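Spelled out, the chains give:
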Amino acid sequence: MSQNLDFSHERDLTIEDLVRRVEAYYPDANFTMLRKAYQFAHNAHNGQKRSSGEDYIIHPVNVAATLIRLRMDLDTIMAGLLHDVVEDCNISPQEIEKEFNQGVADLVVGLTKISKIKFKSKEESQIENFRKMVVAMAKDLRVIIVKLADRMHNMRTLQYVSDEKQKKIAQETLDIYVPLASRLGINSVKSELEDLCLRFLKPEIYYRLAEKVSMKKSERDNYIREVITNIKEKLLEYSLHAEVKGRPKHFYSIYKKMTARGVDFEQVQDLLAFRIIVSNITECYKALGIIHSSFIPIPGRFKDYIAIPKVNNYQSLHTAVIGPRAERIEIQIRTNEMDEVAEAGVAAHWKYKEGLAGKSAPKLDWVQELLEYNKNTDNNREFLDVIKNDLDLDGVFVFTPKGDVRELKYGATPLDFAYEIHTEVGHHCVGAKINGKIVPLRHILKSGDSIEILTSKTQSPSKDWLNIAKSSKARSKIKQWLLKVERDENRELGRDILEKAFKVFGTSLKALRKNNELKEFFDEFHIIDEDELCVQVGSGKLSAKLVMEHIPSLKDLAAKQDLPEINEKISEIESYSNQMTKNVRKKTHSDNAVVVDEMSDVMVRMAKCCNPIPGDGIVGFITRGRGITVHKSDCNRVDSETLVRTIKVTWNKGFSFTHPVSVRVMTQDKPGILSLISKTINNSGINIRSAMAKSMPDRKGSFIFEIEVKDYSELLKTISSIESLEEVISVTRV
Ligand code: MN
């Protein structure tokens, strides 16, 4: 079980303490070597003091202690003890290699190089620092881990240096080491460093938080115990054994929440975090279900980092619920293994396991990718953007086909990405290729995905898209488009209705405009121009009849003639306009599986007679008042006579949803055959909507299954898997 790591400065730590701690997880380590490294560092630093007045050796010993907590291998721990000897004591790398080994010497050399990086507050120079860090990291990640341990101890003892130096070092830590620790997933180090940075950068806030949080310490501890017991009991009711831990949240995360939401300390509600550790993934979800049914979950707070791990491999379920005392509490659910990765991150790779003396260093893809950037870009700003994106974990980071990195919101889809590139790309997006594979618009992007957007001239946004897009940018562009389309449609419809109505009286919009006859109506109804008039009529807010009643010449004509014929025509126009308006409304909910050539936004329906599914050859029939009906090209309704009414239609590849289709299965009549076929269909992930069975006289069985498939190829696959059953005679689509 991994404990919450505590890195506090231990002023009396001896080499014997270190030996004992290493022994606890690595009993057959070479302790002679470890003692030798200590002795070597001790001699080299002899006489040197820290700002605290303590002997210098206490610093490398504490650094080594942190590395031991992270359960690093022996070379790394020795490098921790020796990390300052080249820099501060004029010891040569060759001497270290001679006394110890090349691995230790390389680590110390790497650390010495990093320590020479002069950090400046200017952004441009920071980029150079990052570049060098990345290069050092790519050679051996352990260098950065030792550096983090070094920085951790310096931060722990920062009170002994001048105010000015405190601020400078804390800022540098927050800018560079915290993101690195975070990116490497070493969360225990990251949170500790963040709290220390807050303490030195914003002492007034830090101490206020510390005071508030600790004010009711005993009461809080009681409450934590109560919640733990409560959660354990609930889990036990479902015979789930779990380890449950609770603690107040880190100050920095409270502070971040306060600033992000612009609220005061009192308003930050969930100050306590609980962790449930179970033995496998199934139990994680089971525990989540139990928690959500035992406490009231807070909407929008559930995150599944097990299904979609963070880019630093962090996995866990997160949720927040109303606790037993009506207080918000945060709950993380994960397995033991996930917990270790969460605490130690990449350091967990070196973790000593019985019988395994040392593991080779993991190669991290993103480090390689950053290195490529380092090589390929001369533009510092661009590189910094890449680094920053890469180090920030709140989003998803995906690559364009050219290799640019884009940051998107967690849970983003290809649509978000498309709108991120350009509004027009978004509007015409039909799907995407992710790492070369075609995915639908709904696909959830993962960090590291390389994504190429597929567009089609005939594609346009639909209301569905508002459920798919996650980013505010994409959503507002879609909304704008939908509003404009609705307005355009209404305008055209209104114009059509008015023209038809005016025609009855032998006039037209153009003629009325010319004679300035619309003015009276415009004034009375506060209409700005003709376009707006058409929009209002098309949307049904104003009727054509009302307009006509306010046109001087028509008014007279209608009064004079009062022909029943004219009235009849007007009411016909009215009903036609109502019908059209209704159709326009319906259309926005219509099936978008098919793209109709040269026409946007027409109503499309699948013909009942042949029920086409994606992959079938198809043709559209233009129907009166009901848009377009899509038939299979070989449907027997399609003949020379109907052919004149057809229009070219194609499947919309960007849409993925299931279509019902029926298949007839002829079998030998054997008991259990129905369930056998059902199982076969279900096993290929296909849903069965209904099944009908018939016994035939000649000891044959006939079944009709209505199944749901994405497309023709999925149907073929399903048919062939049914055909492969020994008892099956034939399978046909009906
Ligand atoms: Mn140091």
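Being a predicted model, the structure only gives us computed values, none of them experimental. (Residues numbered from 1 in each chain as written. Predicted model: local features only at pLDDT ≥ 70, side-chain atom pairs only at ≥ 80, totals over all residues. Heavy atoms only, no water.)

**So, the overall build of the chain**
From N to C terminus, the chain includes 30 helices and 21 strands. For the chain, the proportion of its 734 residues judged to be buried stands at 49%. Contacts spanning at least 24 positions in sequence make up 66% of the contacts within the chain whose residues lie at least 6 apart. Roughly 36,800 Å² of accessible area belongs to the chain as shown, and the carbon and sulfur atoms make up 50% of that amount. (Helix = DSSP H or I, 4+ residues; strand = E, 2+ residues; numbered from the N terminus. Buried < 20%, exposed > 50% of the residue type's maximum accessible area, 1.4 Å probe, protein only. Contact = heavy atoms within 4.5 Å. Areas by Shrake-Rupley, 256 points an atom, 1.4 Å probe, with all protein chains shown as cover.)

**Some thoughts on the coordination of the manganese ion**
Those protein atoms acting as donors to the manganese ion are H59 (NE2), H83 (NE2), D84 (OD) and D150 (OD), and they sit at 2.2 to 2.5 Å. Considered as a linear motif, the donors of the manganese ion on their single chain read H-x23-H-D-x65-D. Taken as a pair, H59 in helix α3 (residues 58-69) and D150 in helix α9 (residues 141-156) lie far apart in primary sequence, 91 residues in all. In this pair, the class of H59 matches that of D150, namely buried. (Donors = N, O, S within 2.8 Å, 3.2 Å for Na, K, Ca; no water.)

**Some words on the packing of α3 against α9**
Interaxial distance between α3 and α9 falls to 9 Å at its minimum, and their mutual angle equals 125 degrees. It follows from the interaxial angle that α3 and α9 lie oblique. For the crossing formed where α3 meets α9, the hand is right-handed. Residue-level contacts link I58, H59, N62, V63, T66 and L67 of α3 to I145, V146, A149, D150, H153 and N154 of α9. Residue composition of the contact of α3 with α9, by class: 6 nonpolar, 5 polar and 1 charged. (Axes fitted to C-alpha atoms, helices over the stretch in contact; angles between N-to-C directions. Parallel < 35°, antiparallel > 145°, perpendicular 65-115°, else oblique. Left-handed = near helix turned anticlockwise from the far one by under 90°. Nonpolar A, V, L, I, M, F, W, Y, C, P; charged D, E, K, R; others polar.)

**Considering the sheet that holds strand β9 (residues 429-434)**
Taken in spatial order, the 3 strands of this open sheet run β10-β9-β11, and their pairing is antiparallel. Only two strands of the sheet have a single neighbouring strand rather than two, namely β10 (437-439) and β11 (451-455). Here the strands of the sheet are splayed against their neighbours by 30 degrees on average, with no regard to which way each runs. Taken together, the 3 bridges between β9 and β10 define a ladder with antiparallel strand orientation. Paired with A432 across the strands is V439, a residue of β10. (Pairing = 2+ DSSP bridges.)

**Brief notes about the pattern of salt bridges**
Once the charged atoms of two side chains with opposite charge are near each other, the side chains can pair. Taken as a whole, this structure holds 29 salt bridges when the rule is applied. Of the charged contacts in the structure, one is a salt bridge between K36 and E99, with a shortest N-O distance of 3.3 Å. In this pair, K36 sits in helix α2 (residues 31-44) while E99 sits in helix α6 (residues 93-99), placing the two residues 63 residues apart along the sequence. We note a salt bridge from E530 to R513, for which the minimum N-O separation is 2.5 Å. Pair noted here: E530 is in helix α25 (residues 530-538) and R513 is in helix α23 (residues 509-514), with a separation of 17 residues, a long-range link. Given the relative accessible area of 13%, E530 is considered buried. (Salt bridge = Lys/Arg side-chain N within 4 Å of Asp/Glu carboxyl O.)

**Quick look at the environment of A320**
With respect to the helices, strands and loops of the structure, A320 is situated in strand β5 (residues 317-322). Judged by its relative accessible area of 0%, A320 falls in the buried class. Setting aside chain neighbours within four positions, we find A320 in contact with I296, P297, I298, R301, I329 and E330.

**Notes on the environment of R328**
Assignment of secondary structure puts R328 in strand β6 (residues 328-335). You can call R328 partly exposed: its relative accessible area is 26%. For R328 and A273, which are 55 residues apart along the polypeptide, the C-alpha to C-alpha distance reads 9.5 Å.

Everything listed here is a matter of coordinates, which is why it stays silent on function.
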